[in-house]
Amino acid sequence: MRKSLLYTVFLLALGGSAGWLTSKTLMPLPWMIGSLLMCAVWSINFGTKIIPENYTFPQKFRNYFVAIIGVMIGLQVTADLILQITDYLPSLLGLIVFSWCAHFLNYKILTKFGKYDRATAFFSSAPGGLMESIAMSEEYGGEIKIVTLLQFLRIILVIILVPIIISIWFGAPVGSAAGITIQENAAITLIDLIYIFFLVIVGLSLGSRLRIPAGHLFGPMLLTVFVTLGTDANIQLPNILILVAQVVIGASLGARFYGIDKNILFIAIRLSTLSVVTMLILAFIFVLVLQSLSDLSVVTLFISFAPGGVTEMSLIALTVASSPALVSAHHIFRIVITVSLLGFIYKKCIDKVH
């Protein structure tokens, strides 16, 4: 237990140092991406030599910082934003079609180039629902390690590539890479800290009870919306908390590369890169079609369709001054749609056909 705690502290220090160094460059989302890459490289090359046996990054600890991101997103929600939700129906409907097309293309890539069995390829191809895909792949006879690795790489590659693509799109660094902070704080008061503590703790409990994808993000976000819209509270969230949250999330993702065989990893990276690039091209095509039908900006639409994790994509939205609340709503919708149909589609369309 003590060794695991010390190793977690070491990873956070390593990730924080890498995040700080990366923040001095033009890398988008530097604190999270720097932390992620450094901890991943360490875990692959050196982790097996000193890592405690059966070590996993403490999930409950990570969830507290994911909850902070949820609070930050909730603070962006206004009454006008909620009243305009019907204006975003075209993009939500487009997201359903996108999810099906992306899943089909991924499945073809993994079966043709990866030579994976049907169950492994199908559940590795899902453009959302990492934990649900892993659980269902086990139920239907897929290779859990491969599914876990490919799903994980999907999220990693998307959160690295999307900010870079957006920066290239604008022809200049954007968001945090351009020196923009997530929020310019007024003076932080004790009342603000009490509110944040309440929203994180109670929001996590709410998210657990709701039993929905990304509940540890969505619960605090939903509670924050109710509090800010239902009261006169004007809550300020310290920027330092957001930066620390990025380091924790990045380190926790990088730590998952522990114990991975390098040959398997390199094959998975090649396949995942092909898969992710295909999905991002597909997402861009959908954005071009939907931009005239939706009131969302092109950048917000692209971030909403890019198949990364809810927390990470919301962070990207925050740093490019997009709408994190709408982005997170789209990603939660994508995950719900994907997960709810996974078992049905596999049994009716994949297993039965073969």
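Details of the structure are given in the entry above.
Residues numbered from 1 in each chain as written. Predicted model: local features only at pLDDT ≥ 70, side-chain atom pairs only at ≥ 80, totals over all residues. Heavy atoms only, no water.

*Asks:* How would you sum up the overall build of the protein chain? Please name residues and give values.
*Replies:* Looking only at helices and strands, one finds 16 helices and zero strands in the protein chain. Within the protein chain, buried positions represent 53% of all 354 residues. A separation of at least 24 residues holds for 78% of the contacts in the protein chain among residues at least 6 apart in sequence. Surface accessibility of the protein chain: about 16300 Å² in total, with carbon and sulfur atoms responsible for 67%. (Helix = DSSP H or I, 4+ residues; strand = E, 2+ residues; numbered from the N terminus. Buried < 20%, exposed > 50% of the residue type's maximum accessible area, 1.4 Å probe, protein only. Contact = heavy atoms within 4.5 Å. Areas by Shrake-Rupley, 256 points an atom, 1.4 Å probe, with all protein chains shown as cover.)

*Asks:* Before we move on, could you go through the nonpolar core and cite the residues and values that matter?
*Replies:* Buried together is how nonpolar side chains tend to be arranged in soluble globular proteins. Within the largest apolar cluster, 102 residues are counted, with the highest numbers of intra-cluster contacts made by Ile 69, Phe 98, Ile 159, Val 162, Ile 303, Phe 305 and Met 313. The element that contributes the greatest number of residues to this core is helix H9 (residues 144-170), accounting for 14 residues. For Ile 69, the residues in contact, after removing those within four places along its chain, are Leu 217, Ile 242, Ala 245, Ile 249, Thr 311 and Leu 315. (Core = buried A, V, L, I, M, F, W, Y, C linked by side-chain atoms within 4.5 Å.)

*Asks:* Lay out the side chain of Ser 124 with the relevant residues and their values.
*Replies:* Examined against the element boundaries, Ser 124 turns out to sit in helix H7 (residues 118-125). For Ser 124, a relative accessible area of 7% corresponds to the buried category. Contact partners of Ser 124, with chain neighbours within four places excluded, come to Leu 110, Ile 146, Val 147, Leu 150 and Gln 151.

*Asks:* A description of the environment of Leu 243 should follow, citing residues and the corresponding values.
*Replies:* In this fold, Leu 243 is placed in helix H12 (residues 239-254). Look at Leu 243 and you get partly exposed, because its relative accessible area is 27%. Through-space distance from the C-alpha of Leu 243 to that of Gly 16 is 9.2 Å; in sequence the pair is 227 residues apart.

*Asks:* I'd like to hear about the packing of aromatic side chains, residue by residue, with values.
*Replies:* Under the defined criterion, the tally for this structure stands at 13 aromatic pairs. Pairing Tyr 7 with Phe 10 gives two aromatic rings, centres 6.1 Å apart and planes at 35 degrees, and the pair type is tilted. Taken as a pair, Tyr 7 and Phe 10 lie in helix H1 (residues 2-22) at a separation of three residues, close to a single helical turn. Residue Tyr 7 is classed as buried on the basis of its relative accessible area of 5%. Classification of Phe 10 as partly exposed rests on a relative accessible area of 31%. Here the aromatic rings of Phe 123 and Tyr 140 are separated by 5.7 Å at their centres, their planes lie at 15 degrees, and the arrangement is stacked. You can see Phe 123 sitting in helix H7 and its partner Tyr 140 sitting in the loop between helix H8 (130-139) and H9, a full 17 residues away along the chain. Given a relative accessible area of 23%, Tyr 140 falls into the partly exposed group. (Phe/Tyr/Trp six-rings, centres within 6.5 Å; stacked < 30°, edge-to-face > 60°.)

This is a description of form; function is not addressed.
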